[in-house]
Amino acid sequence: MDDSQHVTYDIGAEIDALRAALTAHGITLPSLGVDPLTLAARTTRPPLIALGNCNTATARRLAEALRPAADG
């Protein structure tokens, strides 16, 4: 792929929105950020957002926050 096909993405707004939504539910993912490997990739696809690791209490809170949306 040549440089003319390389696209730069700014996904900071998406990360900020996700962080704010998680915070509204009392959830903090300390490692939330841009996946550096996909950010450095020479592709036309946007980089991935790395959610990172979390402890079991945070995983439980995340599941509790998502469950109502899955139930309809």
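Structure's up top.
Here's a quick rundown of the structure. (Residues numbered from 1 in each chain as written. Predicted model: local features only at pLDDT ≥ 70, side-chain atom pairs only at ≥ 80, totals over all residues. Heavy atoms only, no water.)

Secondary structure summary: the protein chain contains three helices and two strands in total. In the protein chain, the succession of helices and strands from N to C terminus is α-β-α-β-α. Long-range pairs, those at least 24 residues apart, make up 53% of the contacts in the protein chain between residues at least 6 apart in sequence. Counting every atom, the protein chain has about 5,400 Å² of accessible surface; 57% of that belongs to carbon and sulfur. (Helix = DSSP H or I, 4+ residues; strand = E, 2+ residues; numbered from the N terminus. Contact = heavy atoms within 4.5 Å. Areas by Shrake-Rupley, 256 points an atom, 1.4 Å probe, with all protein chains shown as cover.)

Applying the stated criterion across every chain, the model contains one salt bridge. A salt bridge links R19 to D16; the shortest N-O distance between them is 3.7 Å. One end of the pair, R19, and the other, D16, are both in helix α1 (residues 12-24), three residues apart, so they sit about a helical turn from each other. (Salt bridge = Lys/Arg side-chain N within 4 Å of Asp/Glu carboxyl O.)

On to the nonpolar core, then. Across soluble globular proteins, nonpolar side chains show a tendency to be buried alongside one another. I11, I15, L22, I27, L29 and L32 together form the largest nonpolar core, which totals six residues. The residues contacting I11, other than those within four sequence positions of it, are V34, P47, L48 and I49. (Core = buried A, V, L, I, M, F, W, Y, C linked by side-chain atoms within 4.5 Å. Buried < 20%, exposed > 50% of the residue type's maximum accessible area, 1.4 Å probe, protein only.)

The next thing to look at is the environment of L29. Looking at the element boundaries, L29 is found in the loop between α1 and β1 (33-34). The exposure class assigned to L29 is buried, which follows from its relative accessible area of 9%. Excluding residues within four positions of it along the chain, L29 makes contact with L22, L51, C54 and T58.

This brings us to the environment of P36. Looking at where P36 falls in the secondary structure, it is placed in helix α2 (residues 36-40). Residues P36 and L48, 12 residues apart in the sequence, show an inter-C-alpha distance of 8.4 Å.

We now examine helix α3 (residues 56-71). Side chains three or four residues apart in an α-helix point the same way, a direct result of the helix having 3.6 residues per turn. Over its 16 residues, α3 extends 22 Å from the first C-alpha to the last, a length consistent with the 22 Å expected when each residue adds 1.5 Å. The N-cap residue of α3 is N55: its side-chain oxygen and the backbone nitrogen of A57 are 3.2 Å apart. One or two residues past the end of α3 sits G72, with phi positive at roughly 100°. (Expected span 1.5 Å × (residues − 1). Polar contact = N/O pair within 3.5 Å; in protein donor to acceptor, adjacent residues only side chain to side chain.)

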